[in-house]
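Tertiary structure, described
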Amino acid sequence: MARTATTGTVTNQYDVIVVGAGAMGSAATYHLASRGARVLALDRFAPPHTLGSSHGKSRIIREAYFEHPLYVPLLQRAYVLWANLEREAGVPLFTLTGGLMLGTRHSTVAAGALLSATQHDLPHKVLSATELQERYPPLRPPPDTIGIWEPRAGVLDPDGCIRAHLDLANQLGATIHTIEQVLDWRVDGDGVRVSTTNDEYVADMLILSAGAWLSQLVPDLTLPLTVARQVLFWFQPVRDAEQLGARNFPVFIWEHAPDHVLYGFPDMGDGVKVAVHHEGEPAEPDNLRRTVGDAEVGQLRALLEQYLPAANGPLLDTAVCMYTNTPDFHFIIDRHPRHEQILIASPCSGHGFKFSSVIGEQLAALALDGQPTLDLTPFALSRFAKAPIP
């Protein structure tokens, strides 16, 4: 059981300190606590909140992963862990809708999803444009469009998932400090010492999972990270409301032009959610532009009018979050190159929430056992050889 921290550096001792208690950090805190570790989680805000990357009312989870087949084993474990969390927390966290990956036969999204599905023998169907419109009448696919349909895709509740991880971690004895900003950390013998706006703490291991603020926490490294603003929209259907509901309509990711992707969710009671993937303006996490302009709404309306016109009704809501991107858009999960007791987790380039359950489990294994149970080598820092770490 984790000890509650008290004033003074002698008694503020933990096995692991987790900095950033959003998607990845909350999961890591839970898995560490479930293994009996004395763990302290620190966050400058109060998760779940709307100031980072893990909000927006819903997140897609999908198995036929177009980004790369190497993610599929992680996803399959993530599905198990989300189901376990849902059962243990006693609250619904996942809604099954099925999913469509749409594009031309040679598009990144459709071809990549088909590759993952065939390589890992996943249930799926390849649908022509005609079949897509027959099956999902609100869609307006061009004739050269195909859809890779997968039955296990659906929607996670990000706030609910973070809250469940933190609440269960707290019940297991973890210490969770919110509205407490980390100012500095330094190696202290074989461990680490962390200074915050409130106190100072020591631990054997430190996990840095602060999302868009990660670079600020490792100024000694030149991490190749960029932060981008991401805008989310909710529209009220103008017709076919029942056909656009979660019982009848899937989550979708649609590469409507090369490297231009629209993604969306069925109406789950608050409108059809849609957004453009990876086209956001550069951003600073402490100075993020949170207002949404008419031109941005117009861009989404034009896409809806072309591909999903039944959803192009009154604008119900918007939200702004952040993607923290690596050059290859794959994750970073690795040890600090000079300090084995420091683990760097994420950032996830706008597609990581669905993995947070399993990444949290793997971070706990790295911290407590010295090695993960799944292959994390694709996410090593060393892959950025062209921009060597000093």
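What counts and what doesn't
- Residues numbered from 1 in each chain as written.
- Predicted model: local features only at pLDDT ≥ 70, side-chain atom pairs only at ≥ 80, totals over all residues.
- Heavy atoms only, no water.
- Phe/Tyr/Trp six-rings, centres within 6.5 Å; stacked < 30°, edge-to-face > 60°.
- Helix = DSSP H or I, 4+ residues; strand = E, 2+ residues; numbered from the N terminus.
- Buried < 20%, exposed > 50% of the residue type's maximum accessible area, 1.4 Å probe, protein only.
- Lys NZ or Arg CZ within 6 Å of the ring centre and 35° of its normal.
- Pairing = 2+ DSSP bridges.
- Axes fitted to C-alpha atoms, helices over the stretch in contact; angles between N-to-C directions.
- Polar contact = N/O pair within 3.5 Å; in protein donor to acceptor, adjacent residues only side chain to side chain.
- Contact = heavy atoms within 4.5 Å.

Some words on the packing of aromatic side chains
- Using the criterion set out here, one finds 16 aromatic pairs in the structure.
- Taking the centre distance of 5.5 Å and the plane angle of 65° together, the rings of F45 and W213 count as edge-to-face. Here F45, found in the loop between strand 2 (39-42) and strand 3 (59-61), pairs with W213, found in the loop between strand 12 (200-208) and helix 6 (214-217); they are 168 residues apart in sequence, far enough to count as distant. Across this residue pair, the class does not change: F45 and W213 are buried.
- Measuring from centroid to centroid gives 6.2 Å for F249 and F252, while their planes differ by 80°, and the two rings are edge-to-face.
- We classify F252 as buried; its relative accessible area is 2%.
- In this structure, K57 is placed above the aromatic ring of W234, and the distance from its NZ or CZ to the ring centre is 4.8 Å.
- Across the ring face of W149, the terminal group of R135 is positioned such that the distance to the ring centre comes to 4.4 Å.

So, the sheet that holds strand 6 (residues 125-128)
- Strands sit in the order 6-7-5-14-15-16-13-17 across an open sheet of 8 strands; the sheet is mixed. Two strands close off the open sheet at either side, each with one partner strand: strand 6 and strand 17 (315-325). Ignoring which end each strand starts from, the neighbouring axes of this sheet average 20° apart.
- When strand 6 meets strand 7 (residues 145-150), the two strands line up antiparallel, connected through 4 bridges. Bridged to L127 within strand 7 is G147.

Section: the side chain of S209
- Position of S209 relative to the elements: it lies in the loop between strand 12 and helix 6.
- Within the structure, the side chain of S209 is placed 2.9 Å from the backbone oxygen of G20, a separation counted as a polar contact.
- The contact partners of S209, leaving out residues within four places of it in the chain, are V18, V19, G20, M24, G25 and A345.

Quick look at the sheet that holds strand 8 (residues 154-156)
- Overall, antiparallel pairing links the 3 strands, which are arranged 3-8-4 in an open sheet. At either end of the open sheet lies a strand with only one pairing partner, and these are strand 3 and strand 4 (94-96). Across the sheet, the mean angle separating the axes of adjacent strands is 30° when strand polarity is ignored.
- Inspection of the sheet shows strand 4 paired to strand 8 by 3 bridges, in the antiparallel sense.

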